[in-house]
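Observations on chain architecture
Below are the chains, spelled out letter by letter.
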2 protein chains.
Amino acid sequence: MKNFNFYAPTQVVFGRDAENELASLVKKYGGTKVLVHYGGQSAIKSGLMAKVEKQLSDAGISYVKLGGVVPNPRLSLVRKGIELCKAEGIDFLLAVGGGSVIDSCKAISSGRFFDGDVWDLYLHKTFATEYLPIGCILTIPAAGSEMSNGSVITNDEVDGWLKKDYCVDEFRCKFAIMNPELTFTLPAWQTACGITDMMMHTMERYFSKDDDMETTDAIAESILRTCMTEGHKVMENPTDYISRANIMWAGSVAHNDITGCGTTGDWATHNIEHELSGMFDVSHGAGLAAVWGSWARYSREENMPRFARFARNVMGIDTTGMSDIEAAEAGIQAMERFFSSIGMPTNIHTLVGKEISDAEIEEMADKCTTGDTQTIGGLKILKKADIIKIYQMAK
Amino acid sequence: MKNFNFYAPTQVVFGRDAENELASLVKKYGGTKVLVHYGGQSAIKSGLMAKVEKQLSDAGISYVKLGGVVPNPRLSLVRKGIELCKAEGIDFLLAVGGGSVIDSCKAISSGRFFDGDVWDLYLHKTFATEYLPIGCILTIPAAGSEMSNGSVITNDEVDGWLKKDYCVDEFRCKFAIMNPELTFTLPAWQTACGITDMMMHTMERYFSKDDDMETTDAIAESILRTCMTEGHKVMENPTDYISRANIMWAGSVAHNDITGCGTTGDWATHNIEHELSGMFDVSHGAGLAAVWGSWARYSREENMPRFARFARNVMGIDTTGMSDIEAAEAGIQAMERFFSSIGMPTNIHTLVGKEISDAEIEEMADKCTTGDTQTIGGLKILKKADIIKIYQMAK
């Protein structure tokens, strides 16, 4: 078992009417002037924004609003947010939405007191030393950003765009308000993308060369099974509180690091997908489903018994009499069948609606490895040439 | 699924040589003058205390020491610790040991700035508003106190003694250093008591009337299975790093509340046991094993399908063709066989080495319910008369 740090300080307030705790939580964590950051119309239409504003006003907490966050949140809006925070003397950031809004808040948090260009943080050129505190009201269970230390931002100021992450413990939300009822109106596509994303957060920690962290493995397997059983229920009945609640909580647990304690993990699928959604602006979850099978078939030789175990313990396959490679393949196929069953694509053609070109693949693989100067992956170490092969397999 | 709060802010530093992070962690969390609290000779003999002192000295952090914590930690030593903190201007508490040392630190933390009698906090008469921060180096995986909000103290100043708990979020450790190698020398008895205690922390959250928190149930079941498989390994080979590490981490996860999100739980077994260890000064884990089966048989009628599920998903019993009550009984018996297999008693006679008297049972049941004025339990609500029956069944 690898040495590890586990740090998940976010106070989670979960359940019906949890958003009524907003004002007291903002005060508890020192907020007196709040930037309320959100996406498009859905938080307004649902009445959630009105509730938020009333709560803050009634408690005497002043606030300004900044909407317009889109999936694959943009650097240009982050810059606006930073300027707004400086101009208004903001001391607390409140994200109302899903992972994109939270990630955008995190970027604003890191840029607020930083002297240089905030994008340099995402290029891992340097670190910020001071951050604004963040809280969130989660409306889309998927990214796990409500408890994670990571933020992924798309630079829309460069040709072909660029999607990069920055991870620091200061990005962990002070509080996360989660009311499953707020997710009842999520469209099926977004629900399925979310289920895929949370499963992948677990699987990218699970598939590693390590085989000695039974406590973590058992938790990871339980989360994956739950995502599938409760996921099917929620796809069938979007207003079923219980399965919405189970999925919502699974999304946080999947990415608060408890599914990865003592493992090295392998985040190649996320890296490979980030280039896809960076280039084609597709949904992150769907992109993950489109490439995972190809990544798995390309990388499994590094730890075939683990893929066989996955087939048995997660996909529930009776692998008696199968070789490890047969079991592994059966597990991967079963996972792809699950993705299909919730409407997710399992190849890039279906994902982007056209055949991608060799030039596009070349460009994505190049960006993914910063011009073949870096590798990705932990189970199998992947260079640019490997990534090209995986994109080709997933075409 | 019940509404819940989840808050587990402790920074866990886990693995080989983790104790080398001590000085930087104390500094990070503001410690400049530390009370190092510990138990008996084992931390001195193992060289851990010397390492601790050298680390603190080298970093220029001053400290005083207070040893002598015993299992079922005593109020009288807590009082000494509070006086020492006041006299020495202590601003940080470091527990070096297991749950008893951490619980004693927590009590000192709560009493340091409290004007009244610290025991009144444990009698739930009032709350403290200011606390000293606590960090720990864990040497006994069992109580889960390194991530929990609870502290249990035995009042040795009254006739027959009294064991009570006090739970506040301020009791959550700032950091927990966990090096599985520090547990290699734990005797088999203490190892087994620890495994039992962590399993019971999971089971007391698991057995409830609720059946709608699949995410939590699946995590709880995975922890219980891991405790049994890794527990057998560690009993056979006490210096096996991997199983020691899995057990150590399972002990924290079992009690950081993640196994209880959305459930009501039932802590009757802990309450019933506290009276046993309060009166006979027996090991807490062993006491739990001695009474759990009787509690389960007495209470299961309130949710028989859950006990049947436990038999299938935790104990791995094929319950095909069994009624729920047959499956429940098979699961309880299997659990008792596991306790026996690691050397734990499954009745009170074996636990205390004599037959306990009706008068002793009467006294324990009376204390447990504060003179029949309070009830315990969540699955089945138990009055004094019920508790007497359970003690009789467990005799």
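This is a predicted model, so every value here is computed, not measured.

1. Concerning the side chain of Thr-154 of chain A
- Within the fold, Thr-154 of chain A resides in strand 6 (residues 150-155).
- Each residue touching Thr-154 of chain A, except ones within four places of it in the same chain, is listed here: Asn-72, Pro-73, Arg-74, Leu-75, Trp-161, Leu-162 and Lys-163 of chain A.

2. Structural notes on empty space enclosed by the protein
All names here are of chain A.
- Across all of its chains, the model carries two cavities of 30 Å³ or more by this definition.
- A volume near 40 Å³ is recorded for the largest cavity.
- Around the largest cavity, the lining residues are Gly-160, Trp-161, Leu-162, Lys-163, His-274, Glu-275, Gly-278, Met-279, Met-364 and Lys-367.
- Of all the elements in the fold, those that place two or more residues in the lining of the largest cavity are strand 7 (162-167), helix 10 (268-280) and helix 15 (358-368).
- Of all the elements, helix 10 adds the most residues to the lining of the largest cavity, at four residues.
- For the lining of the largest cavity, a count of residues per class yields four nonpolar, three polar and three charged.
- Of the voids in this model, the second largest cavity is the one considered here, and its volume is about 30 Å³.

3. Points about the environment of Trp-189 of chain A
Residues and elements named next belong to chain A.
- Along the chain, Trp-189 turns up in helix 7 (residues 188-206).
- A relative accessible area of 40% means that Trp-189 is categorised as partly exposed.
- Those residues in contact with Trp-189 that lie beyond four places of it in its chain are Ser-283, Ala-286, Gly-343, Met-344 and Pro-345.
- For Trp-189, the side chain forms a polar contact with the side chain of Ser-283, separated by 3.1 Å.

4. Remarks on the interface of chain A and chain B
- Listed per partner, the contact involves 39 residues of chain A and 39 residues of chain B.
- Between chain A and chain B lies a buried interface of about 3,200 Å² when both sides are counted; carbon and sulfur atoms form 57% of it.
- Between the two partners, chain A and chain B, sit zero salt bridges.
- For the interface between chain A and chain B, the tally reads 14 residue pairs in polar contact (both at pLDDT 80 or more).
- For the side of chain A that touches chain B, the secondary structure elements donating two or more residues are strand 1 (4-14), helix 8 (214-236) and helix 9 (241-253) of chain A.
- The element contributing the most residues to the side of chain A that touches chain B is strand 1 of chain A, with eleven residues.
- Classifying every residue of the side of chain A that touches chain B gives 23 nonpolar, eleven polar and five charged.
- Of the strand pairs in this sheet, strand 1 of chain A and strand 1 (residues 4-14) of chain B are connected by seven bridges, and their pairing is antiparallel. Its bridge partner being in strand 1 of chain B, Asn-5 of chain A is matched across the sheet by Val-13 of chain B.

5. Considering the nonpolar core
- Among the nonpolar cores identified, the biggest contains 227 residues, and Trp-249 and Trp-292 of chain A together with Trp-249 and Trp-292 of chain B are the most heavily contacted of them.
- Those residues in contact with Trp-292 of chain A that lie beyond four places of it in its chain are Met-200, Met-203, Phe-207, Thr-269, Phe-310, Ile-332, Met-335 and Phe-339 of chain A.

6. Things to note about the state of the cysteines
- Inspection of the entire model under this criterion finds zero disulfides over all chains.
- Note on Cys-105 of chain A: no disulfide assigned, nearest cysteine sulfur contributed by Cys-173 of chain A at a separation of 7.9 Å.
- Cysteine Cys-227 of chain B shares no disulfide, and the gap to the nearest cysteine sulfur, in Cys-193 of chain B, comes to 14 Å.
- A relative accessible area of 0% means that Cys-227 of chain B is categorised as buried.

7. Side note on helix 12 (residues 304-313) of chain B
- Taking burial as the measure, the ten residues of helix 12 of chain B include seven buried ones, the bulk of the element.
- Buried positions along helix 12 of chain B lie against helix 7 (188-206), helix 8 (214-236), helix 11 (284-299) and helix 13 (324-341) of chain B.

8. Some remarks on the packing of aromatic side chains
- Tallied over the full model, the rule gives 40 aromatic pairs over all chains.
- Seen from their ring centres, Trp-295 of chain A and Phe-307 of chain A are 6.1 Å apart, and the 45° between their planes marks the pair as tilted. You can see Trp-295 of chain A sitting in helix 11 (residues 284-299) and its partner Phe-307 of chain A sitting in helix 12 (residues 304-313), a full twelve residues away along the chain. Here Trp-295 of chain A and Phe-307 of chain A have matching classes, each one buried.
- Ring centres of Tyr-206 of chain B and Phe-207 of chain B lie 5.2 Å apart, and the angle between their planes is 90°; this geometry places the pair in the edge-to-face category. Each member of the pair Tyr-206 of chain B and Phe-207 of chain B is classed as buried.

9. With respect to the relation of the copies chain A and chain B
- Placing chain A over chain B gives an RMSD of 0.0 Å and needs a rotation angle of 180°, together with 0.0 Å of translation along the axis. The superposition operator between the copies reduces to a two-fold rotation axis. Of every C-alpha in chain A, the one belonging to Pro-9 of chain A sits nearest the axis of rotation, 1.8 Å from it.
- Interface overlap between copies: 100% of the residues of chain A at the interface are likewise at the interface in chain B, consistent with a symmetric, same-surface contact.

10. Re the sheet that holds strand 8 (residues 175-178) of chain A
- Read from one edge to the other, the open sheet built from twelve strands follows the order 3(A)-2(A)-4(A)-5(A)-8(A)-1(A)-1(B)-8(B)-5(B)-4(B)-2(B)-3(B), with strand pairing classed as mixed. Because the sheet does not close on itself, it has two edges, and the strands there are strand 3 (62-66) of chain A together with strand 3 (62-66) of chain B. Within the sheet, the average angular offset between the axes of one strand and its neighbour, ignoring direction, is 25°.
- Relative to strand 8 of chain A, strand 1 of chain A is paired through four bridges, and the arrangement is parallel. Bridged to Val-13 of chain A within strand 8 of chain A is Ile-177 of chain A.
- In the packing of helix 9 of chain A onto the sheet, contacts are made with strand 1, strand 5 (134-138) and strand 8 of chain A together with strand 1 of chain B, and the angle to strand 1 of chain A comes to roughly 150°.

11. What to know about the side chain of Ser-145 of chain B
Residue and element names in this part refer to chain B.
- Residue position: Ser-145 is located in the loop between strand 5 (134-138) and strand 6 (150-155).
- Classification of Ser-145 by relative accessible area gives buried; the value is 2%.
- Dropping the residues within four chain positions of it, Ser-145 is found in contact with Gly-99, Ile-102, Asp-103, Lys-106, Gly-150 and Cys-173.

Calculation rules
- Residues numbered from 1 in each chain as written.
- Chains lettered and ligands numbered in written order.
- Predicted model: local features only at pLDDT ≥ 70, side-chain atom pairs only at ≥ 80, totals over all residues.
- Heavy atoms only, no water.
- Helix = DSSP H or I, 4+ residues; strand = E, 2+ residues; numbered from the N terminus.
- Contact = heavy atoms within 4.5 Å.
- 1 Å grid on protein atoms, 1.4 Å probe; cavity = no way out; pocket = protein on both sides within 12 Å on 5 of 7 lines; lining within 4 Å.
- Points joined across faces, edges and corners; volume = space filled by probe spheres on them.
- Nonpolar A, V, L, I, M, F, W, Y, C, P; charged D, E, K, R; others polar.
- Buried < 20%, exposed > 50% of the residue type's maximum accessible area, 1.4 Å probe, protein only.
- Polar contact = N/O pair within 3.5 Å; in protein donor to acceptor, adjacent residues only side chain to side chain.
- Buried area = accessible area lost by both parts, 1.4 Å probe.
- Salt bridge = Lys/Arg side-chain N within 4 Å of Asp/Glu carboxyl O.
- Pairing = 2+ DSSP bridges.
- Core = buried A, V, L, I, M, F, W, Y, C linked by side-chain atoms within 4.5 Å.
- Disulfide = S-S within 2.5 Å.
- Phe/Tyr/Trp six-rings, centres within 6.5 Å; stacked < 30°, edge-to-face > 60°.
- Least-squares fit on C-alpha atoms with pLDDT ≥ 70 in both.
- Axes fitted to C-alpha atoms, helices over the stretch in contact; angles between N-to-C directions.

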